[in-house]
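# Structural features, examined
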Amino acid sequence: MPPDALLRLDGVTRRYGDHVAVAPTDLSIQAGDFFAILGPSGCGKTTLLRMIGGFVAPSAGTVWIDGADVTRLGPERRPSGMVFQNYGLFQHMTVRQNIAYGLKLRREPRARIDAAVDEMMDLVHLRHLADRPAPQLSGGQRQRVALARALILKPKVLLLDEPLAALDLKLRKTMHGELRALHQAIGGTFILVSHDQSEVMTLADRVAVMDGGRIVQEGSPRDIYTKPADAFVSTFIGEANVIPGIRRGGRIDLGPDARLDHAGRDGPVNIMLRPEQMELDPPSGAPSLEASVVDLIFLGPFTHLHCALDDGVRLLVHLESRKLATFPAPGGRVRLGWNPSEQLVLDAP
Amino acid sequence: MGDGFGSRAFRFSSRHVVTVLLLAPAAAVFFGLFVASLSFFFVQSFWKATTFRVVPDFRPFNYVDVIAGYGGPLLRTLSMGLIVASVTTMTAFFFAYVVRFSLGRFGPAALLVALTTLFGGYLVKIYAWRTILGADGIINSALLNLGLIDAPLPFLLFNLGAVVVTLTYYLLPLAILPLYGALSDIDETELAAARDMGAGALRTILDIVLPQARPALMASFALCFLLAAGDYVTPAMVGSPGNAMFGNFIQSQFGLRMNTPSGAAMSFTLIAACMIVLAAVGSGLRRWLQPR
């Protein structure tokens, strides 16, 4: 574990009775990272974030921030700031009062507070709404106030709990851009919790994928996309075709034209292929499978082909429209192949 | 679109009829029983009382007489009302706060228990407190039996303290309800956010919870204050005989003394004084709970 990690979790665990919400977890996050914790709902990611912020006490383990053990400290004494999923703006205050609240608690001089609030409102484009009461703000404006309110205290770690989940798609995309710009402008350390893989791919430079209360894989978005640790990660990050097979004596037999040599222990395996890694009518010699076309969706530059193998396994293929001489018809038969160097063979559990 | 306009106008007017019909009973009670009798006594508060008779007159001096003759009891009554309303509202706030934010799923059960004290009559409660606080009451006999005291403590009953205790007990559930309603509307995330920004538990209550509960605080306070300041039964039964409340004097003007002009002038003096106190408390709360 690098000694200069800004945030470190040592065996952090949370149990509720017999239920383990977060299994013993080790994690270290470097200063300046935009780190994302990605997982389906109920995977323990929000509980993990709340333990970092001090809102949930760990059942076991230690939380270190900037070299200090903060495990026993409440949120008011931690150098972390949180942006909540439903924002939690103070409804009886204006935009300016919301943003200034933390600095007023610190009893900073009035002039310094006003200057800092003005600067922060400029950063998140809220200057023109300074005196508007919180209940009269739109979703995106609330989001910006919540961000500004946390950032003005210059937290060592900014925790973002599904901050964009309540916004519509267009606004979410705008906020993605703003969050990235904000992170670059401030140079702080952000930890984002999300169930939205495209959001994580857009924003984060490191990702931990959680499932069932534990981190199943950690790495850069590219690492995780190209080398997912298991079938769950492969389908959760991006789209993936998972073809089950059985390995006997170093050979996996998927069909008459798909006999793959692959050393390893005998037993069930999953072959993982991204939709863009499969092609129609492959050159001879490449492994291929026969499938029937279920649906065809033309999306301009790309055409998505939904297919089914005879044993029911569904396959999704992304094809470049301009390379298609004819479009396969739903109900017809096609041959789908791939380059064996791109396939990923994962031992099935 | 003559047709459409006509039918819309018809629906509009029929809705008005329904509104008027729904309001009618309450309006009849309000104007017939409250406004009419109050107006009658307001007029009478300027009349003159002679032996066994009241004579129409215009005597604003009736009010001066009230202040001169009963200024002491009036101040005592307003102070008692302030104490009762403050103690009750604060207790009710802490109770409602714990029910809303700390007890989790046991909250509704605790609220129900508190509201069961609404059962049981007003007089029953007063007698209950006489039984608890009296010379041979529960507290004194317990202390005597434990050997902690040799003679019953005389200062438990028949004083201002006993009045405050009894009225607080009676008013508490009434004060809890509006406060619990207001606290239910506050998002818990706001409290978490305040803590995250460095506010301790007390600061969070002062800066985030109380300002948003201010209308309910005022409602509970006004309810308790008006009922306490206007009460004349509790002071007569558990209070000090030498320190009667304003309500007791009003009662005797209308009763034994048969001086309704004076009683009416005293009533309107009390109403005016209560309104002044409530306005002062309201603006004080507003100033105190303003976001800084």
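Everything numeric here is computed off the predicted structure, so don't read it as measured data.

Scoring rules and cut-offs
- Residues numbered from 1 in each chain as written.
- Chains lettered and ligands numbered in written order.
- Predicted model: local features only at pLDDT ≥ 70, side-chain atom pairs only at ≥ 80, totals over all residues.
- Heavy atoms only, no water.
- Buried < 20%, exposed > 50% of the residue type's maximum accessible area, 1.4 Å probe, protein only.
- Helix = DSSP H or I, 4+ residues; strand = E, 2+ residues; numbered from the N terminus.
- Pairing = 2+ DSSP bridges.
- Arc of directions from axis to C-beta.
- Contact = heavy atoms within 4.5 Å.
- Domains from an automatic or database assignment.
- Buried area = accessible area lost by both parts, 1.4 Å probe.
- Salt bridge = Lys/Arg side-chain N within 4 Å of Asp/Glu carboxyl O.
- Polar contact = N/O pair within 3.5 Å; in protein donor to acceptor, adjacent residues only side chain to side chain.
- Nonpolar A, V, L, I, M, F, W, Y, C, P; charged D, E, K, R; others polar.
- Core = buried A, V, L, I, M, F, W, Y, C linked by side-chain atoms within 4.5 Å.
- Axes fitted to C-alpha atoms, helices over the stretch in contact; angles between N-to-C directions.
- UniProt positions renumbered as here; feature names shortened; annotations may be inferred.

### Looking at the pairing of strand E18 (residues 314-320) of chain A
All names here are of chain A.
- Extensive coverage of E18 is indicated by the burial of five of its seven residues.
- Inspection of the sheet shows strand E17 (residues 302-308) paired to E18 by seven bridges, in the antiparallel sense. Opposite Leu305, over in E18, you have Val317 as the bridge partner.
- Once E17 ends, the chain turns through five residues before running back antiparallel as E18, passing Gly312 with a positive phi of about 100°.

### So, unusual backbone geometry
All names here are of chain A.
- Of note, the phi angle at His125 is positive, near 55°, even though the residue is not glycine.
- Tracing the backbone shows His125 in the loop between helix H3 (110-123) and helix H4 (139-151).
- By relative accessible area, His125 is classed as partly exposed at 49%.
- A positive phi angle, near 40°, is found at Glu162, a position not held by glycine.
- By the element assignment, Glu162 lies in the loop between strand E7 (157-161) and helix H5 (169-186).

### Topic: helix H3 (residues 107-116) of chain B
All names here are of chain B.
- The complete set of buried residues in H3 reads Gly107, Leu111, Ala114 and Leu115. For H3, the arc enclosing every buried residue in end-on projection is 95°, short of the 170-degree limit, so these residues lie on one face. Of the exposed residues in H3, those oriented more than 90 degrees away from the buried face are Leu112 and Val113.
- Residues of H3 that are buried sit in contact with helix H2 (61-102) and helix H6 (160-184).

### A look at the domain arrangement of chain B
Residues and elements named next belong to chain B.
- As far as domains go, chain B holds domain 1 (1-44) and domain 2 (60-288).
- Computed over C-alpha atoms, the centres of domain 1 and domain 2 are 35 Å apart.
- A combined buried area of about 470 Å² lies between domain 1 and domain 2, and 72% of that area is made up of carbon and sulfur atoms.
- Looking at the side of domain 1 facing domain 2, the largest losses of area belong to Phe41, Phe42 and Gln44, adding up to 84% of the total buried there.
- Taken together, domain 1 and domain 2 are joined by zero salt bridges.
- Counting across the domain 1 and domain 2 interface gives one residue pair in polar contact (both at pLDDT 80 or more).
- Taken together, the residues of the side of domain 1 that touches domain 2 break down into three nonpolar, one polar and no charged.

### Details of the nonpolar core
- Ile99, Tyr101, Leu147 and Ile191 of chain A together with Phe93, Leu183 and Phe225 of chain B are the most contacted members of the largest nonpolar core, which has 146 residues in total.
- When residues in this core are grouped by element, the largest group, 14 residues, is from H2 of chain B.
- Counting residues in hydrophobic clusters, the runner-up holds 25 residues, among them Leu273, Met278, Val293 and Leu309 of chain A.

### Describing the sheet that holds strand E20 (residues 344-347) of chain A
All names here are of chain A.
- Pairing is antiparallel across the open sheet formed by five strands, whose spatial order is E13-E12-E11-E14-E20. Looking at the sheet topology across the chains shown, the edges are occupied by strand E13 (258-261) and E20. Within the sheet, the average angular offset between the axes of one strand and its neighbour, ignoring direction, is 35°.

### Let's talk about the interface of chain A and chain B
- Counting residues at the interface gives 24 residues for chain A, matched by 18 residues for chain B.
- The three residues of chain A that bury the most area against chain B are Glu76, His92 and Tyr101 of chain A, which together make up 29% of that side's buried surface.
- Scanning the region where chain A abuts chain B turns up one salt bridge.
- Across the salt bridge formed by Arg195 of chain B and Glu76 of chain A, the nearest N and O atoms sit 2.8 Å from each other.
- Across the contact surface, chain A and chain B share six residue pairs in polar contact (both at pLDDT 80 or more).
- Those elements that place two or more of their residues in the side of chain A that touches chain B are strand E6 (80-83) and helix H2 (95-105) of chain A.
- Looking at which element gives the most residues to the side of chain A that touches chain B, the answer is H2 of chain A, with five residues.
- The class makeup of the residues in the side of chain A that touches chain B is eleven nonpolar, nine polar and four charged.

### Things to note about the UniProt feature "transmembrane region" (unreviewed entry) in chain B
Residues and elements named next belong to chain B.
- Mapped onto this numbering, the UniProt entry gives "transmembrane region" (unreviewed entry) at residues 20-43, 78-99, 106-124, 153-172, 216-238 and 264-285.
- A helix fraction of 91% and a strand fraction of 0% characterise residues 216-238, whose end C-alpha atoms lie 30 Å from each other.
- Note that residues 264-285 is 100% helix and 0% strand, and that its end C-alpha atoms are spaced 31 Å apart.

### Re the UniProt feature "domain: ABC transmembrane type-1" (unreviewed entry) in chain B
- Those residues carrying the UniProt feature "domain: ABC transmembrane type-1" (unreviewed entry) are residues 74-281 of chain B in this numbering.
- From the first C-alpha to the last, residues 74-281 of chain B spans 18 Å; its make-up is 76% helix and 0% strand.

### Topic: the environment of Gly120 of chain B
All names here are of chain B.
- Mapping Gly120 onto the fold places it in the loop between H3 and helix H4 (122-133).
- Judged by relative accessible area, which is 51%, Gly120 ranks as exposed.
- In sequence terms Gly120 and Tyr170 are 50 residues apart; their C-alpha atoms lie 10.0 Å from each other.

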